[in-house]
Amino acid sequence: MRFTHETLAQRVRFAPGDAAGALADEAARLGASRVMVIAAPAEAGLAGRITGGLPVVLVHDEVAMHVPVPIAERARAAATGAAADAIVCVGGGSTTGLAKAIALTLGLPIIAVPTTYAGSEATDVWGLTEGARKTTGVAARVLPRAVVYDATLTRSLPVGLSVASGLNALAHCVDAMWAPRADPVNAALAAEGIRALAAGLPAIVDEPAGLPGREQALVGAYLSAVAFASAGSGLHHKICHVLGGLGLPHAATHAVVLPYVLALNAPAAPAAAGRIARAFGSPTALDGLQALRRRLDAPRALRDHGFDDSLIPEAVEAILPVVPANNPAAVTAAVLDRLLHDAWEGTDPR
Ligand code: NAD
């Protein structure tokens, strides 16, 4: 057993109902005196409620999925114009992503307040898009210095979005099991993430306004992101990254593609598959995932999410060169073509 595991340094606070107090503490710890708040218009109300105690000099609300470069540049110019010395971002992965784009060039510290289960707040991965091309990279300076999780802020996330976003988190956990830097430490975090999400997501479906399910889902989202940041992108993330560049919605794409990647890799990775199955409390990994997906009425087919199957050859060509060398199952163009057709149609992954 030979591996090198790196743990990212970050303060993490779970403060149900008290994001405002936790945020004020964290901003004071950073010595922030000129805070830029980033929140999309839809989350402006949530952000306003929790940032009243901060020395806010700028509220910025131009946010878009996958962080288009012109939007990042306008946000950087706004931060510089206001002489901000810290960023507080309140929202989903798109909002956290914009804060990271600013930190990447200006080095401002971020305090993240996530309102979905995307998990970007716990990774040092940034992403920017230019046209249809999405570029990602890793940089220590984009890792938020602190994260404030307040489950009451996620109550307004509709059930459908909660499910898709939660399955995005679950995909971080499953893919971490065979990603390039998979090790026993991140596998343990990923397994616990699967347990938390498998418990939390059905509870959200049963009682969308209830706190226990939302809290479990946030714990799962955090664990999933730590595991993903540590293990790196496996085959699943490589596929979804390319599909995202073709304009597909991030969370729903992850939710649809995951069972097909699991069906492909599980037979070639029995130890990982066993671990996933145990985390689900299920006879096999795929049984566990599919039972959860049925319970959640999860997104089923890429064709329901704006994917045109005429784009499959282009997608296969883009995915093939980035398939991780250590992927458990052999991946050829024919394998990817079949996987994407099945995911497009929503056929039984078995
Ligand atoms: P998102 O941030 O685009 O949010 C989805 C929708 O949910 C938006 O319309 C938003 O307004 C709404 N929303 C958010 N919180 C809400 C709440 N509490 N109540 C009601 N509505 C709410 O989507 P996402 O899935 O959170 O994030 C996806 C983005 O994050 C992608 O660009 C993806 O690449 C990125 N991401 C990055 C990493 C990383 O490590 N860098 C990890 C995961 C995701």
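Residues numbered from 1 in each chain as written. Predicted model: local features only at pLDDT ≥ 70, side-chain atom pairs only at ≥ 80, totals over all residues. Heavy atoms only, no water.

**Topic: the site of the ligand**
- In the vicinity of the ligand there are 23 residues, among which Ser94, Thr115, Thr116, Thr123 and Lys134 approach most closely.
- In the model, an oxygen atom of the ligand is placed 2.7 Å from a nitrogen or oxygen of the Lys134 side chain.
- At 3.5 Å, a side-chain N or O of His250 approaches an oxygen atom of the ligand.
- Bound to the protein, the ligand loses 82% of the 860 Å² it would expose on its own. (Near = heavy atom within 4 Å. Polar contact = N/O pair within 3.5 Å; in protein donor to acceptor, adjacent residues only side chain to side chain. Areas by Shrake-Rupley, 256 points an atom, 1.4 Å probe, with all protein chains shown as cover.)

**As for the sheet that holds strand E5 (residues 110-114)**
- Overall, parallel pairing links the six strands, which are arranged E1-E8-E5-E4-E2-E3 in an open sheet. A strand with exactly one partner marks an edge of an open sheet, and here the two such strands are strand E1 (11-14) and strand E3 (56-60). Direction aside, the axes of adjacent strands within the sheet are offset by 15 degrees on average.
- Two strands pair when backbone bridges link them, and E1 and strand E8 (residues 146-149) are joined in this way by four bridges, in the parallel orientation. Its bridge partner lying in E8, Arg13 is registered against Val148.
- The strands touched by helix H4 (residues 93-106) within the sheet are strand E2 (35-38), E3, strand E4 (86-91) and E5, with E4 carrying the most contacts at an inclination of about 165 degrees. (Pairing = 2+ DSSP bridges. Helix = DSSP H or I, 4+ residues; strand = E, 2+ residues; numbered from the N terminus. Axes fitted to C-alpha atoms, helices over the stretch in contact; angles between N-to-C directions. Contact = heavy atoms within 4.5 Å.)

**A word on H4**
- The end-to-end C-alpha distance of H4, which contains 14 residues, comes to 20 Å, matching closely the 20 Å that a straight helix rising 1.5 Å per residue would cover.
- Across the 14 residues that make up H4, a large majority, 11, are buried.
- Taken together, the buried positions of H4 are Ser94, Thr95, Thr96, Gly97, Leu98, Ala99, Lys100, Ala101, Ile102, Ala103 and Leu104.
- The inward-facing, buried residues of H4 abut E2, E3, helix H3 (69-81), E4, E5 and strand E6 (125-130). (Expected span 1.5 Å × (residues − 1). Buried < 20%, exposed > 50% of the residue type's maximum accessible area, 1.4 Å probe, protein only.)

**With respect to the pattern of salt bridges**
- By the definition in use, this model includes nine salt bridges.
- For Arg11, the salt bridge goes to Glu26, with nearest N and O atoms at 2.9 Å. Here Glu26 lies in helix H1 (residues 19-30) and Arg11 lies in strand E1, a separation of 15 residues in the sequence.
- Residues Arg13 and Asp25 are paired through a salt bridge, measuring 3.2 Å at the closest nitrogen-oxygen approach. (Salt bridge = Lys/Arg side-chain N within 4 Å of Asp/Glu carboxyl O.)

**Things to note about helix H10 (residues 270-280)**
- Regarding H10, the residues found buried are Ala272, Ala273, Ile276, Ala277, Ala279 and Phe280. Buried residues of H10 fall within an arc of 160 degrees about the axis and therefore sit on the same side. Residues of H10 that are exposed and angled more than 90 degrees away from the buried face: Pro270, Ala271 and Arg278.
- Where H10 is buried, its residues meet helix H5 (159-176), helix H6 (184-206), helix H9 (250-265) and helix H11 (285-296).
- Downstream of H10 by one or two residues, Gly281 has phi in the positive range, about 70 degrees. (Arc of directions from axis to C-beta.)

**A word on the packing of H5 against H6**
- Relative orientation of the contacting elements H5 and H6 amounts to 160 degrees, with a least axis distance of 8 Å. It follows from the interaxial angle that H5 and H6 lie roughly antiparallel. Between H5 and H6 lies a crossing whose hand is left-handed. Side by side, H5 and H6 meet where Val159, Ser162, Val163, Gly166, Leu167, Ala169, Leu170, Cys173, Val174 and Ala176 of the first sit next to Asn186, Ala190, Gly193, Ile194, Leu197, Leu201, Ile204 and Val205 of the second.
- Of the residues assigned to the contact of H5 with H6, the class counts are 14 nonpolar, four polar and no charged. (Parallel < 35°, antiparallel > 145°, perpendicular 65-115°, else oblique. Left-handed = near helix turned anticlockwise from the far one by under 90°. Nonpolar A, V, L, I, M, F, W, Y, C, P; charged D, E, K, R; others polar.)

**Let's talk about the domain arrangement of the protein**
- Here the protein is partitioned into domain 1 (11-154) and domain 2 (159-345).
- For domain 1 versus domain 2, the separation of C-alpha centres amounts to 25 Å.
- Contacts between the two partners involve 19 residues from domain 1, matched on the other side by 25 residues from domain 2.
- Both sides together, the interface formed by domain 1 and domain 2 hides about 1,900 Å², and carbon and sulfur atoms give 70% of it.
- Scanning the region where domain 1 abuts domain 2 turns up zero salt bridges.
- Taken together, the connections running from domain 1 to domain 2 amount to five residue pairs in polar contact (both at pLDDT 80 or more). (Domains from an automatic or database assignment. Buried area = accessible area lost by both parts, 1.4 Å probe.)

**Quick look at the pairing of E4**
- Counting buried positions along E4 gives six out of six residues, so the element sits mostly inside the fold.
- Burial of E4 is two-sided: the residues Ala86, Val88 and Val90 facing one way and the residues Ile87, Cys89 and Gly91 facing the other way are all buried.
- Bridging between E2 and E4 involves four bridges; their strand directions are parallel. Bridging from a neighbouring strand, Ile38 pairs with Cys89 of E4.
- Strand direction decides the pairing type here: E4 and E5, joined by five bridges, are parallel. By the bridge assignment for E5, Ile87 is matched with Ile110.
- At this point the chain moves from E4, through H4, to the parallel E5, and the crossover so formed is right-handed. (Right-handed = clockwise from strand over helix to strand, strands pointing away.)

**Quick word on the environment of Ala103**
- Structurally, the position occupied by Ala103 is in helix H4.
- A relative accessible area of 0% places Ala103 in the buried class.
- For Ala103 and Leu246, which are 143 residues apart along the polypeptide, the C-alpha to C-alpha distance reads 26 Å.
- Once residues within four sequence positions are removed from consideration, Ala103 is found in contact with Ile87, Leu108, Ile110, Arg141 and Val142.

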